[in-house]
Amino acid sequence: MSGHNVWTHKGTFLLAAVGSAVGLGNLWRFPYLTGENGGGAFILIYALTIFAVGIPILIAETMLGRTSRQSPIMGMRHLTKTHKTSRAWESIGWLGAASAFLILSFYSVIAGWALHYTWLMLTGSLVGADAATISAGFDALLASPGLMTLYHTLFIAFSALIVGMGIHKGIESGLRIMMPALFVILIVVLIYGVINGDVRAAASFLFTFNIADLSLEGWLQAMGQSFFTLSLGMGAIMAYGAYMSSEASLTRTAIAVAFVDTAVAMVAGLAIFSLVFGAGLETGQGPGLMFVTLPLAFADMPFGALVGGVFFILVLGAAVSSSISLIEPVAAFLVERFDMTRPQAVTIMVVAAWAMGLLTVVSFNVWAEGTISHALFGRSAFEFIELLTNIFMPLGGLLIALFAGWALTQSEVMKELGTNITWFKTWRFLVRFVGPAAVSFVFLRTIPQVEGYVIPSLGALLIVGAFALSQRLRKST
Ligand code: PHE
């Protein structure tokens, strides 16, 4: 259990978890996926999975980290031993490491776009620009693999430096200022959107729904997004849970994280879509949505270059506090398992994710069409990686729910949760039945429909089958 000291303040886990949860997922991915999937129905599924499935699993995952006090993979191994259950559950840790690696690879590229816009804002290059100019500028960024690679490299190297030097545990004071500041600027943009955009159209787009409008893949994306935005089902929360004080309340903390995270996404969504409808832009324009609409507001707003510059710096801060939580679980594992130094462990993870990130870079230009990925999966490499994370994270969450609800010794779990019996039973019902049923439901509906999906879905079924089998084997010996 090398070097796993506990955070001294009760509230530090909350701050770190909010830092991990709030990021590009809220500001960039949520609005763009909502726009692509027609609005309200997507949000309904997203919100339902956050509250009925996400929060209970968030509690479970934090608990796994806190009881084991180790990195996810080693922690899972430890728990399977102490609770005398199948070693196969350790795959939760491995699946999580795979997710962390995939997410980090594209996360850093998108954060690189924010770096580009920080620069454009602070140099005042976009002051007074119109929609056509701004969207042409974004297209020019996408058309330049070199520039995108440069930003990607800078961002990932900076994140690596923070985790490698071990100062990620000390950035609480930064987060304490940055998170509220980000929220305040979002409100400013929203107010601008209310005055100059069309907030009524935005609200009706976001909050009225016809569930039949949501495509089957939209269901998977909505569920995937709810896990993505909570950093759930892939070990980040478990890794942070390992440092959580035993006194802090798991339930209250999880609920707080989910509320803050959802609030940020909603404000960002309202602000962005007010601008979209106000300026007559396309809702389903894809990953560029945030980077085309927000600069438009900053181009026109008084002191827009300054406000926009500060905004994008805060976006970068939120992205860094998320990306360090993607590096941490894998790095902590390498340190514990192979006795590496922190810098060595971080370098391995980050170099691999950096290289993988080049696939995302070229997905927007030289490999935008006609690749193997298009032939096999009907989509670009970036889109395929996103799709994989939409499966891996809920799958990880499903396994965590089953593990916590069924495989662990329940008396121990109840002690660790530290709640009264009614709440414990409610939580256990949610992780035993509701979470697994909801995730399986979406998987079973969506996956067979997705183009090129046969292979991955078979893979997922195989993993689940292997678990079930090994559980039985274990019990019968
Ligand atoms: N939750 C982060 C965001 O919304 C992304 C993330 C996913 C971070 C998984 C860590 C783990 O930006």
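Things to note about the site of the ligand
Every one of the 16 residues lining the ligand counts as a neighbour, but A21, G25, Y107, F228 and S231 are closest to it. Separating a nitrogen atom of the ligand from a backbone N or O atom of F228 is a distance of 2.8 Å. Within the backbone of T229, a nitrogen or oxygen atom sits 3.2 Å from a nitrogen atom of the ligand. Its free accessible area being 320 Å², the ligand has 100% of it covered by the protein chains.

Regarding the pattern of salt bridges
Scanning the model with the defined rule gives eight salt bridges in all. Note that R87 and E90 form a salt bridge whose closest N and O atoms lie 2.5 Å from each other. In this structure, R379 and E217 form a salt bridge, with 2.9 Å as the shortest nitrogen-oxygen distance. Here R379 is found in the loop between α16 (372–377) and α17 (381–407), whereas its partner E217 is found in helix α10 (residues 216–229), with 162 residues between them in sequence.

What to know about the confidence of the model for the chain
In this model, the chain carries a mean pLDDT of 93, and residues with pLDDT of at least 70 account for 96%. Looking over the chain, one finds the lowest element-wise mean pLDDT in helix α20 (residues 454–476), namely 68, and the highest in helix α2 (residues 24–36), namely 98.

Focus: helix α7 (residues 145–164)
At 3.6 residues per turn, the α-helix brings residues three or four places apart onto the same side. For α7, which comprises 20 residues, the first-to-last C-alpha distance of 27 Å matches the rise-based estimate of 28 Å (1.5 Å per residue) to within 8%. Every buried residue belonging to α7 is among M148, T149, Y151, H152, F155, I156, S159, A160, I162, V163 and G164, and all of these are buried. The inward-facing, buried residues of α7 abut α5 (91–122), α6 (131–142), α14 (304–338) and α15 (342–363). Phi turns positive, to about 75°, at G166, one or two residues after α7.

Re the packing of helix α12 (residues 250–278) against helix α13 (residues 289–300)
The interhelical angle for the contact between α12 and α13, taken along N-to-C directions, is 75°, at an axis separation of 9 Å. Relative to α13, α12 is oriented roughly perpendicular. Here I272, F273, L275 and V276 of α12 come into contact with α13, specifically with L289, M290, T293, L294 and A297.

Observations concerning helix α1 (residues 12–21)
Among the 10 residues in α1, nine count as buried, and that is most of the element. Every buried residue of α1 is listed here: T12, F13, L15, A16, A17, V18, G19, S20 and A21.

Some points on unusual backbone geometry
Trans is the prevailing form of peptide bonds, just as negative phi is the prevailing case for residues other than glycine. In this structure, K84 takes a positive phi of about 50° despite not being glycine. Along the chain, K84 turns up in the loop between α4 (72–82) and α5. Residue F303 is not a glycine yet carries a positive backbone phi of 55°. Tracing the chain through its elements places F303 in the loop between α13 and α14.

Parameters and conventions
- Residues numbered from 1 in each chain as written.
- Predicted model: local features only at pLDDT ≥ 70, side-chain atom pairs only at ≥ 80, totals over all residues.
- Heavy atoms only, no water.
- Near = heavy atom within 4 Å.
- Polar contact = N/O pair within 3.5 Å; in protein donor to acceptor, adjacent residues only side chain to side chain.
- Areas by Shrake-Rupley, 256 points an atom, 1.4 Å probe, with all protein chains shown as cover.
- Salt bridge = Lys/Arg side-chain N within 4 Å of Asp/Glu carboxyl O.
- Helix = DSSP H or I, 4+ residues; strand = E, 2+ residues; numbered from the N terminus.
- pLDDT = per-residue confidence, 0-100.
- Expected span 1.5 Å × (residues − 1).
- Buried < 20%, exposed > 50% of the residue type's maximum accessible area, 1.4 Å probe, protein only.
- Contact = heavy atoms within 4.5 Å.
- Axes fitted to C-alpha atoms, helices over the stretch in contact; angles between N-to-C directions.
- Parallel < 35°, antiparallel > 145°, perpendicular 65-115°, else oblique.

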